[in-house]
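Working through the structure, step by step
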Amino acid sequence: MRTTQHRSKSLPRKLLTWGEENPKLAKAVNWYQVGLNLMPTKKLCPYQTEGCTAPCLVHQGRGAMASIINARMLRNWILENHPAMFSDTIHTELLNAKRRAEKKQLPLLARMNLTSDKIWYKDKLFKQWYDIEGIWFEEYTKIPIRYYKNKPDHMHLTFSRSESNMVDCWEALNHGVNVAVVMEKEDGTWPQSWMGYPTLDGDVSDERIDDPKGHWVLLKPKGTIKTDTTGMVVRKEEWNAKSA
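All of these numbers come straight from a predicted model, not from anything done at the bench. (Residues numbered from 1 in each chain as written. Predicted model: local features only at pLDDT ≥ 70, side-chain atom pairs only at ≥ 80, totals over all residues. Heavy atoms only, no water.)

1. Quick look at the sheet that holds strand β9 (residues 216-219)
Rules: Two strands pair under a simple rule: DSSP has to find at least two bridges between them. Numbering goes from the N terminus for both helices and strands, where a helix is a DSSP run of H or I of at least four residues and a strand is a run of E of at least two. Whether two residues are in contact is decided by their heavy atoms, any of which lying within 4.5 Å being enough. Lines fitted to C-alpha atoms define the axes, with helix axes restricted to the stretch in contact, and inter-axis angles between N-to-C directions lie between 0 and 180 degrees.
Strands sit in the order β1-β2-β3-β4-β5-β6-β9-β8-β7 across an open sheet of nine strands; the sheet is mixed. Of all the strands in the sheet, just β1 (16-18) and β7 (193-194) have a single pairing partner and so form its edges. Each of β5 (155-160), β6 (179-182), β8 (197-201) and β9 is contacted by helix α5 (residues 166-174), which is oriented at about 125 degrees to β9, the strand it contacts most.

2. A few points about the pairing of strand β3 (residues 108-111)
Which entries qualify depends on this criterion: When accessible area is computed with a 1.4 Å probe and restricted to protein chains, residues below 20% of their type maximum are described as buried, those above 50% as exposed, and intermediate ones as partly exposed.
With burial as the criterion, each face of β3 is covered, one bearing L108 and A110 and the other bearing L109 and R111. Note: strand β2 (residues 32-36) against β3, four bridges, orientation parallel. Paired with G35 across the strands is R111, a residue of β3. As defined by bridge partners, β3 adjoins strand β4 (residues 135-141) across three bridges and the pair is classed as parallel. Opposite L108, over in β4, you have I135 as the bridge partner.

3. Overview of a positive patch on the surface
Note the following rule: Surface patches are drawn from residues lacking salt bridges whose relative accessible area is over 30%; two like charges belong together within 9 Å, two nonpolar side chains (Val, Leu, Ile, Met, Phe, Trp, Tyr) within 5 Å. Methods summary: accessible areas were calculated by the Shrake-Rupley approach with a probe of 1.4 Å, and residue burial reflects only the protein chains presented. Salt bridges are counted wherever a side-chain nitrogen of Lys or Arg sits within 4 Å of a carboxyl oxygen of Asp or Glu. Under the counting rule used here, the positive set is Lys and Arg, the negative set is Asp and Glu, and His together with the chain ends is not counted. Just so you know, the charge point we use is NZ for Lys, CZ for Arg, CG for Asp and CD for Glu.
Residues K27, K185, K220 and K226 make up a contiguous surface patch of positive charge. Following the sequence through the fold, K220 ends up in the loop between β9 and α6 (236-242). With a relative accessible area of 42%, K220 lands in the partly exposed category.

4. Observations regarding the packing of helix α3 (residues 66-81) against helix α4 (residues 83-103)
Note the threshold: Note on residue categories: nonpolar means Ala, Val, Leu, Ile, Met, Phe, Trp, Tyr, Cys or Pro, charged means Asp, Glu, Lys or Arg, and polar means any other residue, Gly included.
The contact between α3 and α4 brings their axes to 5 Å, and the two run at 115 degrees. Two secondary-structure elements touch here, α3 through R75, I78, L79, E80 and N81 and α4 through P83, M85 and F86. Of the residues assigned to the contact of α3 with α4, the class counts are five nonpolar, one polar and two charged.

By themselves, these are just geometric observations and shouldn't be taken as functional.
Right under this line is the structure:
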């Protein structure tokens, strides 16, 4: 491993968000989670669409606060201008997180794309993260599954449906990769199957790594996505018509 370059006091104390610091990660029960929050630029989120851009998690809740935005932009700047330092720092933080997880007697689950969508392991500079034994990785992605060929065995993917990628959704399901879909409920319920595949409630837990394969992962609309008009949200009239 390379020696991490000296960091000035103006740089952040750490790059990863730890489980206790993020409400989404703190909900974990069976895993200790850490994650990486960046600003989802076109380079870091190449398959972003109109439907997912406005309601993106990066804009919701505390993510809209100036301090949070500035911190994420600073991480982007470090990644762009000092990628080796960025990689080495996160490598060290993952090792520290692993030790904390062990103290809690929980396995460590790292989410490197909480607000981005980058295939990190294909870049030799960042591959060192995935070489640490005893850490599992989990991602939501809109990048077609075919680009994840030869992914690490300890990396779990959930594909994300948008208003324009149904062909890629079928490819994912046909390869045993679950697909997350934002869907309205009717009378407080969802269909038990949709378009020939069973469904599961994705709001019960965000630990996708424990999900059974071959399912749609249903998520209710939250925040600004409730008013979506792009087709990103499957309305109850549509799922009723297409439920199996």
